[in-house]
Amino acid sequence: MIDLRSDTVTRPTAGMREAMATAEVGDDVYAEDPTVAALEAEVAARFGHEAALFAPTGSMANQIALQLLVPPGDELLCDADAHVVTYEIGAAAAYGGISSRTWPAVGAALDPDVVAGMVRPDGYFAVPTRAIAVEQTHNRGGGGVIPLDTLRALRRTADEHGLALHCDGARIWHAHVADGVPLAEYGALFDTLSVCLSKGLGAPVGSLVVGSAERIARARFLRKRMGGGMRQVGILAAAGRYALAHHVDRLAEDHAKAARLAEAIAPFGVLAAPVRTNIVPLDLTKHPLDAKSLAAAARAAGVLISVLGPRTARLVTHLDVADEAVDRAADRLTTVLRG
């Protein structure tokens, strides 16, 4: 079975398991785990920020960041397909009392002028905008990469209106590899970032909140409130450190594998967007098979894919899909699509 559902399905490599087994640990609630401290310092430095905080999940990291930026009752702007409002079970409202308003779902092709026009200032009975959030790369946008000029325009809008700018950077490593933008250049544009270790980088668990020292001190309190205080978690942080050392540059291999899959299925008219990173988005609007039918047929042929909607699906390449498996998956999927 070739699993192309997500890059979260990877298993730790032998080297990663060895790093986990030999990790030096302490009680992280007391801030005494040296491996966690080293991971946090490394990630903060990579993005040019003062500090970072290790969290068990990307959703928790995002929600901590949003609570740092938006007071209860005030407003966050993001796109309609953003992970923070689509896949985090209403956490911004439930945990942070945050009101969210969205621009139309356009993936990475967002218009900064549209976002600027949505900003609400403080006013009589109006909910004031406090922050803007973007996703890099964009999950439901097919792994699209928001251009650097677009992000700079959003930074200018944020500065003009006194707003904060957050990056859901679950796959920002993919954007860095695809476009060659230094991580510190991305970091300079955002007040907070969340970055994930358990997607393309192949760690079993973990994300980090990145920001100023003052914000991260507050983030540690919010993490504890949300049940994220962990003890000898250096075992997991060691996996993240190994991933950063060994699995960032190799993301280019996953991008190349996704491009090969896209090339194989392109003749069937089901590609939803150009493939930029490791996600191949499928639009089955004009195909006889709907998404569930395609997934069922693909599973019967030995390939697992994700269903995102009645006529939308995706393929994701990752560390555990070898070149030969990509070729076999392409053959099987083309057979299914051909009918």
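Residues numbered from 1 in each chain as written. Predicted model: local features only at pLDDT ≥ 70, side-chain atom pairs only at ≥ 80, totals over all residues. Heavy atoms only, no water.

Further remarks concern the nonpolar core. Core analysis: the biggest nonpolar cluster contains 50 residues, and F47, F54, W173, V195 and L197 have the highest contact counts within it. Among the nonpolar cores identified, the runner-up in size contains 26 residues, and L282, I305, V326 and A330 belong to it. (Core = buried A, V, L, I, M, F, W, Y, C linked by side-chain atoms within 4.5 Å. Buried < 20%, exposed > 50% of the residue type's maximum accessible area, 1.4 Å probe, protein only.)

This paragraph deals with unusual backbone geometry. T137 follows Q136 through a cis peptide bond whose omega is -10°. As for its placement among the helices and strands, T137 is situated in the loop between β5 (129-135) and α7 (148-161). The residue I89 is not glycine, and still its phi comes out positive at about 55°. In this structure, I89 sits in the loop between α4 (83-86) and α5 (91-96). Residue class for I89 comes out exposed when judged on its relative accessible area of 79%. Look at F125: it is not a glycine, yet its phi comes out positive at around 65°. Along the chain, the position of F125 falls in the loop between α6 (112-118) and β5. Taking relative accessible area as the criterion, F125 reaches 75% and is therefore assigned exposed. (Helix = DSSP H or I, 4+ residues; strand = E, 2+ residues; numbered from the N terminus.)

Let us now look at the sheet that holds strand β11 (residues 306-309). Pairing in this open sheet of three strands is antiparallel, and the strands run β9-β12-β11 from one edge to the other. Each end of this open sheet is capped by a strand with a single partner; those strands are β9 (279-283) and β11. Here the strands of the sheet are splayed against their neighbours by 25° on average, with no regard to which way each runs. Both β9 and strand β12 (residues 312-316) contribute to a ladder of five bridges, which runs antiparallel. Paired with P281 across the strands is R314, a residue of β12. Across the face of the sheet, helix α12 (residues 251-265) comes into contact with β9 and β12 while running at roughly 25° to β9. (Pairing = 2+ DSSP bridges. Axes fitted to C-alpha atoms, helices over the stretch in contact; angles between N-to-C directions. Contact = heavy atoms within 4.5 Å.)

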